[in-house]
Amino acid sequence: MQAPEALAPSREEDRVLMVDAVREAGALALSYYQTELKKWMKSGDSVVTEADIAVNDLLEKRLAAARPDYGWLSEESEDNPSRLERRFVWMVDPIDGTNAFLRHVPEWTISVALVEDGAPVLGIVFNPATQEFFHAVRGEGAFLNDAPITVSDRSTLEGARIIASGGLFKKRIWKEPWPGVESRWVNSV
């Protein structure tokens, strides 16, 4: 007689796991923030720090170890193509905004998503420096510090309010200048 298959974790169990892991990763990242860090360049001429790697390792230990059947894709880990065969995949950017992190500017986040069959079902963007914790659950909406948030009914970018580094709007990649938008960090470079 074959043993019954274990039940797959519920989306709520995955959400709780993610929240706990990301909050723990945030505390770890803050322990490195505004300190002198070891850093080096990785392929693509982007900088990586010991904090990026430590946060990545913590998230992988907490998430991948808890869900060994899920795939793993992280900006700071070697890609394992076997993730493409998995129904669920963790997608991670341990410190999104490493340059801001290095400049001691609180415009960096820890970003984690769970993708099911190629579609995102859970997402977290946490800024430990400002204690802003955004999360979204497919079909249930998005939240900031557990309060529901919504998009506006605005149909143009003109006059829109967005959260982004002011330097984003100054990059040469934009063929046209951005229309008048309100950015939380507009004075940052």
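Everything that follows concerns the structure shown earlier in this document.
Residues numbered from 1 in each chain as written. Predicted model: local features only at pLDDT ≥ 70, side-chain atom pairs only at ≥ 80, totals over all residues. Heavy atoms only, no water.

Describing the overall build of the chain
This is how it is decided: A run of H or I in DSSP becomes a helix once it reaches four residues, and a run of E becomes a strand once it reaches two; helices and strands are each numbered from the N terminus. Contacts are assigned to residue pairs with any non-hydrogen atoms lying within 4.5 Å of each other. The Shrake-Rupley method, run with a 1.4 Å probe, gives the accessible areas here. Residue values count only the displayed protein chains as cover.
Counting secondary structure elements, the chain contains 3 helices and 11 strands. Sequence-ordered secondary structure for the chain, helices as α and strands as β, is α-β-β-α-β-β-α-β-β-β-β-β-β-β. Excluding contacts between residues fewer than 6 apart, the proportion of contacts in the chain whose partners are at least 24 apart in sequence is 42%. When the accessible surface of the chain is summed, it comes to about 11,800 Å², and 53% of that surface belongs to carbon and sulfur atoms.

Regarding unusual backbone geometry
Rules: We call a residue buried when its accessible area falls under 20% of the maximum for its residue type, exposed when it is over 50%, and partly exposed in between, using a 1.4 Å probe and counting protein chains only.
You will see that Asn145, though not glycine, has its phi angle at about 50°, which is positive. Here Asn145 lies in the loop between β8 (141-144) and β9 (147-149). Assessed through its relative accessible area of 40%, Asn145 is described here as partly exposed. Of note, the phi angle at Asp146 is positive, near 70°, even though the residue is not glycine. By the secondary structure assignment, Asp146 is in the loop between β8 and β9. Taking relative accessible area as the criterion, Asp146 reaches 57% and is therefore assigned exposed.

A word on the sheet that holds β8
Going by this rule: Strands were regarded as paired on the criterion that DSSP finds at least two bridges between them. Lines fitted to the C-alpha atoms define the axes, with helices restricted to the stretch that makes contact. Angles between their N-to-C directions range from 0 to 180 degrees.
Taken together, the 7 strands give an open sheet; going across it, the order is β3-β4-β5-β6-β7-β8-β9, and neighbouring strands pair in mixed fashion. In this open sheet, the two edge strands, each paired with only one partner strand, are β3 (71-74) and β9. For this sheet, the mean inter-axis angle between neighbouring strands, taken without regard to orientation, is 20°. One ladder, built from 4 bridges, connects β3 with strand β4 (residues 88-96); its direction is parallel. Paired with Gly71 across the strands is Val89, a residue of β4. Together, β4, β5 (109-116), β6 (119-127) and β7 (132-137) form the strand contacts of helix α1 (residues 11-32), whose direction differs from that of β6 by roughly 30°. Here helix α2 (residues 50-66) sits on the sheet in contact with β3, β4 and β5, set at roughly 155° to β4.

Comments concerning the pattern of salt bridges
As a reminder of what qualifies: What makes a salt bridge here is a side-chain nitrogen of Lys or Arg within 4 Å of a carboxyl oxygen of Asp or Glu, nothing more.
Scanning the entire structure with this criterion turns up 8 salt bridges. One salt bridge in this structure joins Arg15 and Glu12, with 2.7 Å as the shortest N-O distance. Highlighted residues: Arg15 and Glu12, both in helix α1, separated by 3 residues, approximately one helical turn. Through salt bridges that share partners, Arg11, Arg87, Glu116 and Asp117 make up one connected network.

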